[in-house]
Amino acid sequence: WFNTVGGVGNVEWGAALLSSAAGDDLTAALPAPTVAAAVVVGAANILTVTTVTLAGATLAAAEWLTLQISRNAAADTYASDARMVGIRFEYTAVTP
């Protein structure tokens, strides 16, 4: 992401993950987002990387994943726009 106007403060991003299998209700609510904050660099148009770790999600083979990314602008302290330009999704498979 990058900030569109120079300034100071922090930006809070939230991420929520929901897995759905065949036969599941697709109107199920997403869990509360996990939030991570990043300090605004100061100058405009500088790429900033923020990592949000979603621990404890139960996923299984052949399930659909719904990933919701949101900005928690009500809680962060940067008053201008923050533009998301990409998402890198990484996971670790754990075999029981």
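Up top is the structure.
Residues numbered from 1 in each chain as written. Predicted model: local features only at pLDDT ≥ 70, side-chain atom pairs only at ≥ 80, totals over all residues. Heavy atoms only, no water.

A. Molecular detail of the sheet that holds strand 4 (residues 64-71). Read from one edge of the open sheet, 3 strands run 3-2-4, paired in antiparallel fashion. Strands at the two margins of the open sheet, each flanked by one partner only, are strand 3 (34-39) and strand 4. Strand after strand, the sheet turns through a mean of 20 degrees between neighbouring axes, direction not considered. Pairing geometry for strand 2 (residues 10-20) and strand 4, over 8 bridges, is antiparallel. When the bridges of strand 4 are listed, Ser-20 appears paired with Trp-64. (Pairing = 2+ DSSP bridges. Helix = DSSP H or I, 4+ residues; strand = E, 2+ residues; numbered from the N terminus. Axes fitted to C-alpha atoms, helices over the stretch in contact; angles between N-to-C directions.)

B. Layout of unusual backbone geometry. Phi at Asn-45 is positive, roughly 65 degrees, even though this residue is not glycine. Inspection of the secondary structure puts Asn-45 in the loop between strand 3 and strand 4. Taking the relative accessible area as the measure of exposure, Asn-45 reaches 54% and is therefore exposed. (Buried < 20%, exposed > 50% of the residue type's maximum accessible area, 1.4 Å probe, protein only.)

C. Region of the structure containing the layout of surface pockets. Each pocket or cavity is described by its volume, and for the largest pocket that value is around 1,100 Å³. Looking at the largest pocket, it is lined by 33 residues, and the ones nearest its centre are Val-52, Leu-54, Arg-88, Phe-89 and Glu-90. Breaking the lining of the largest pocket down by element, the ones donating at least two residues are strand 2 and strand 4. With 4 residues, strand 2 is the single largest residue contributor to the lining of the largest pocket. When grouped by side-chain class, the residues that make up the lining of the largest pocket number 23 nonpolar, 8 polar and 2 charged. (1 Å grid on protein atoms, 1.4 Å probe; cavity = no way out; pocket = protein on both sides within 12 Å on 5 of 7 lines; lining within 4 Å. Points joined across faces, edges and corners; volume = space filled by probe spheres on them. Nonpolar A, V, L, I, M, F, W, Y, C, P; charged D, E, K, R; others polar.)

D. Here's a closer look at the environment of Glu-63. Here Glu-63 lies in the loop between strand 3 and strand 4. Spatially, the C-alpha atoms of Glu-63 and Val-52 are 22 Å apart, while their sequence positions differ by 11 residues.

Remember, this is a structural readout, not a statement about activity or role.
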